[in-house]
Amino acid sequence: MRATVMHAAGDVRIEHVPDASIIEPTDAVIRVTRACICGSDLWPYRSMQPSDKGQRMGHEAIGVVEAIGADVHTVKHGDVVVMPFAISDGTCIFCHEGLPTACKHLGFFGNQGNDGAQAEAIRIPYADGTLFALPVEADDALMPSLLTLADVMGTGHHAAVVAKVGAGRNVAVVGDGAVGLCAVIAAKRLGAERIIVLGRHPDRVALAREFGATDVVSERGAEAVEHVRRLTGGEGAHSVLECVGLRQAMETAVEITRPGGAIGRVGVPQDAAMPGSQPAFYNNITVGGGPAPVRPYIRELLPDILDGRIQPGRVFDSVVDLNGVPGGYRAMDNRKALKVMIRP
Ligand SMILES: [Zn+2]
């Protein structure tokens with residue numbers, strides 16, 4: 001079968017690899033019908049050291065179950081399933097507590113040697129705990145939005161939950177990538193009235209407004225902080241959703257949070273130490289977040305997608321086949337594409 005392999009920064013290839021197959025009795029194999037390229041795939045795309053073996057890429061997919069191991073009970077041949085980005089057993093204490101991204105058998109697809117979903121098929125470890133069966137056909141018109149349940153919609157929702165978004169709270173979203181835009185959807189869905197998006201790409205902030213953003217701040221650094229303060233009576237936002245992961249984004253997030261407010265951080269941090277640690281301390285700001293437990297969030301978000309109340313699939317502005325994947329990385333890297341969908 002064919003799969004996406006990254007060999008070094010800027011070097012993404014489509015290669016022939018051994019067919020995905022059942023290895024453990026808890027495995028399933030899915031034929032990938034939709035996958036995509038994530039903003040977080042761009043970190044290795046910009047920095048990966050050359051590797052002969054390479055890394056299989058892709059951690060977001062919808063597929064059809066082709067085979068299951070003897071110990072798989074919740075999905076069956078032919079089911080249409082969404083594959084969250086994390087492998088989880090569904091049985092350990094953290095999975096029971098709703099945090100499968102702390103699972104005792106945690107793994108991340110398309111990372112650390114694990115198989116990736118930008119491929120014709122993929123082996124799914126712990127299929128019962130990892131996969132979520134969808135009540136739709138493989139060609140459903142809602143596929144783009146359903147695909148966001150694998151990562152970006154659940155991740156934006158996580159930022160909102162951790163930042164305690166609710167009615168009567170001012171919300172600021174740092175970042176206008178796919179996760180930031182989904183965070184706007186999540187904030188609106190959870191009852192926020194004022195939603196300020198910090199972003200500077202005209203198409204993206206326009207989409208943010210359609211998703212429910214009430215204000216756009218396109219400055220950076222101190223000017224952005226000043227603008228958000230002006231919009232919030234000089235106090236800052238109650239809930240700040242940090243969806244970038246770079247130093248300046250986190251520093252800005254801390255500076256625009258109201259004393260006593262909360263930050264939900266879901267951008268993969270690119271610094272070992274937390275930027276803004278001291279102002280966060282002196283302003284009693286709650287800082288939380290991490291890899292989103294997207295699988296338990298599917299149950300909550302799926303009805304809104306099926307009913308058309310939210311349309312996170314609008315973040316996809318480009319569709320490619322497997323041959324188009326290297327070009328898809330280039331387009332996202334130079335910001336010609338917001339988020340690329342793959343139809344293998
Ligand atoms: Zn677990």
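Note that the structure is a prediction, hence the values are computed from the model and not measured.

Cut-offs used in this document
- Residues numbered from 1 in each chain as written.
- Predicted model: local features only at pLDDT ≥ 70, side-chain atom pairs only at ≥ 80, totals over all residues.
- Heavy atoms only, no water.
- Helix = DSSP H or I, 4+ residues; strand = E, 2+ residues; numbered from the N terminus.
- Rg over C-alpha atoms; globule rule 2.2 N^0.38 Å.
- Buried < 20%, exposed > 50% of the residue type's maximum accessible area, 1.4 Å probe, protein only.
- Contact = heavy atoms within 4.5 Å.
- Areas by Shrake-Rupley, 256 points an atom, 1.4 Å probe, with all protein chains shown as cover.
- 1 Å grid on protein atoms, 1.4 Å probe; cavity = no way out; pocket = protein on both sides within 12 Å on 5 of 7 lines; lining within 4 Å.
- Points joined across faces, edges and corners; volume = space filled by probe spheres on them.
- Donors = N, O, S within 2.8 Å, 3.2 Å for Na, K, Ca; no water.
- Tetrahedral: all angles 85-135°; square planar, octahedral: opposite > 155°, others 65-115°.
- Phe/Tyr/Trp six-rings, centres within 6.5 Å; stacked < 30°, edge-to-face > 60°.
- Salt bridge = Lys/Arg side-chain N within 4 Å of Asp/Glu carboxyl O.
- Pairing = 2+ DSSP bridges.
- Axes fitted to C-alpha atoms, helices over the stretch in contact; angles between N-to-C directions.
- Parallel < 35°, antiparallel > 145°, perpendicular 65-115°, else oblique.
- Left-handed = near helix turned anticlockwise from the far one by under 90°.
- Nonpolar A, V, L, I, M, F, W, Y, C, P; charged D, E, K, R; others polar.

## With respect to the overall build of the chain
So, step 1. Summing up its helical and strand segments, the chain has twelve helices and 18 strands in all.
So, step 2. Over its C-alpha trace the chain gives a radius of gyration of 20 Å, about what one expects of a compact globule, namely 20 Å for 344 residues.
So, step 3. Expressed along its principal axes, the backbone C-alpha trace of the chain runs to roughly 60 × 40 × 35 Å.
So, step 4. Counting over 344 residues, the chain shows a buried share of 56%.
So, step 5. Long-range pairs, those at least 24 residues apart, make up 69% of the contacts in the chain between residues at least 6 apart in sequence.
So, step 6. Put simply, the chain shows about 14,400 Å² of open surface, and 49% of that area lies on carbon and sulfur atoms.

## Here's the deal with the layout of surface pockets
So, step 1. Here the second largest pocket is characterised by a volume of approximately 150 Å³.
So, step 2. What lines the second largest pocket is simply His201, Pro202, Asp203, Arg204, Leu207, Arg314, Val315, Asp317, Arg335, Lys336, Ala337 and Leu338.

## Points about the coordination of the zinc ion
So, step 1. Bound to the zinc ion on the protein side are Asp89 (OD), Cys92 (SG), Cys95 (SG) and Cys103 (SG), at distances that span 2.1 to 2.3 Å.
So, step 2. The site at the zinc ion holds four donor atoms, and with the angles between them running 93 to 120 degrees, its shape is tetrahedral.
So, step 3. All donor residues of the zinc ion come from one chain, and their arrangement in sequence is D-x2-C-x2-C-x7-C. You can see Asp89 sitting in the loop between β7 (86-87) and α2 (93-96) and its partner Cys103 sitting in the loop between α2 and β8 (107-108), a full 14 residues away along the chain.

## Let's talk about the packing of aromatic side chains
So, step 1. Under the counting rule described, the total for this entry stands at three aromatic pairs.
So, step 2. Centre to centre, the rings of Tyr45 and Tyr329 are 5.3 Å apart; their planes meet at 35 degrees, and the pair counts as tilted. Linking Tyr45 in helix α1 (residues 42-47) with Tyr329 in helix α12 (residues 325-333), this pair joins segments that are 284 residues apart in sequence.
So, step 3. Seen in terms of ring centroids, Phe281 and Tyr282 are 5.1 Å apart; in terms of plane orientation they differ by 90 degrees. Their pairing is edge-to-face.
So, step 4. Classification of Tyr282 by relative accessible area gives exposed; the value is 66%.

## Some thoughts on the environment of Thr252
So, step 1. Positionally, Thr252 belongs in helix α9 (residues 247-255).
So, step 2. Taking the C-alpha atoms as reference points, Thr252 and Arg189, 63 residues apart in sequence, are found 24 Å from one another.
So, step 3. Excluding residues within four positions of it along the chain, Thr252 makes contact with Leu198, Gly221 and Val225.

## Let's talk about the pattern of salt bridges
So, step 1. According to the stated counting rule, one finds 18 salt bridges in the structure shown.
So, step 2. The partner of Glu15 in a salt bridge is Arg13, and the shortest N-O contact between them spans 3.8 Å.
So, step 3. Under the relative-accessibility criterion, Arg13 is labelled partly exposed at 37%.
So, step 4. Across the salt bridge formed by Glu255 and Arg229, the nearest N and O atoms sit 3.8 Å from each other. One end of the pair, Glu255, is in helix α9; the other, Arg229, is in helix α8 (residues 221-231), with 26 residues separating them in the sequence.
So, step 5. Given a relative accessible area of 29%, Arg229 falls into the partly exposed group.
So, step 6. Look at the salt bridges and you will find they share partners, linking Arg189, Glu300, Asp304, Asp307 and Arg309 into a network.

## With respect to the sheet that holds strand β12 (residues 195-198)
So, step 1. Judged by pairing direction, the sheet is parallel, and its six strands sit side by side in the order β13-β12-β11-β14-β15-β16 without closing on themselves. One side of each edge strand has no neighbouring strand; the edge strands of this open sheet are β13 (215-217) and β16 (286-289). On average, each strand axis in the sheet is tilted by 20 degrees relative to the strand beside it, whichever way the strands run.
So, step 2. α8 rests against β12 and β13 of the sheet, and its axis sits at about 160 degrees to β13.

## Regarding the packing of helix α5 (residues 152-162) against helix α6 (residues 178-189)
Two measures define how a pair of helices packs: the angle their axes make with one another and the distance between the axes.
So, step 1. Running from N to C, α5 and α6 point in directions that differ by 55 degrees, and their axes come no closer than 7 Å. Between α5 and α6, the angle falls in the class oblique. The handedness of the crossing between α5 and α6 is right-handed. The segment α5 lies against α6, with Val152, Met153, Thr155, Gly156, His157 and Ala160 engaging Ala178, Val179, Cys182, Ala183, Ile185, Ala186, Ala187 and Arg189.
So, step 2. Considering only residue class, the contact of α5 with α6 consists of ten nonpolar, three polar and one charged.

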